[in-house]
Amino acid sequence: MVGLSVAVGRFFEALFWAMMQAAGQIGAIVLGGLFVTTMVVRLVLGRWPWRRR
């Protein structure tokens, strides 16, 4: 019975860490995409007003 309890605990621990890893990867992708988008917009809009002058 103790062995089953340990197995169930380890299963849920592994499941928790897998979900945290997936959430971290998704967060990193979202933040990276936001950073790249921000840099592209700043480059495009930052140079565009200079062309009008």
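Residues numbered from 1 in each chain as written. Predicted model: local features only at pLDDT ≥ 70, side-chain atom pairs only at ≥ 80, totals over all residues. Heavy atoms only, no water.

1. Observations regarding the overall build of the chain
When you go through the chain residue by residue, the secondary structure sums to one helix and zero strands. Looking at the chain as a whole, 0% of its 53 residues qualify as buried. (Helix = DSSP H or I, 4+ residues; strand = E, 2+ residues; numbered from the N terminus. Buried < 20%, exposed > 50% of the residue type's maximum accessible area, 1.4 Å probe, protein only.)

2. Thoughts on the packing of aromatic side chains
All chains considered together, the criterion is met by two aromatic pairs. Ring centres 5.3 Å apart and planes at 70° place the aromatic pair Phe11 and Phe12 in the edge-to-face group. Of the two residues, Phe11 and Phe12, neither departs from the other in class, the shared state being exposed. Seen from their ring centres, Phe16 and Trp17 are 5.2 Å apart, and the 70° between their planes marks the pair as edge-to-face. (Phe/Tyr/Trp six-rings, centres within 6.5 Å; stacked < 30°, edge-to-face > 60°.)

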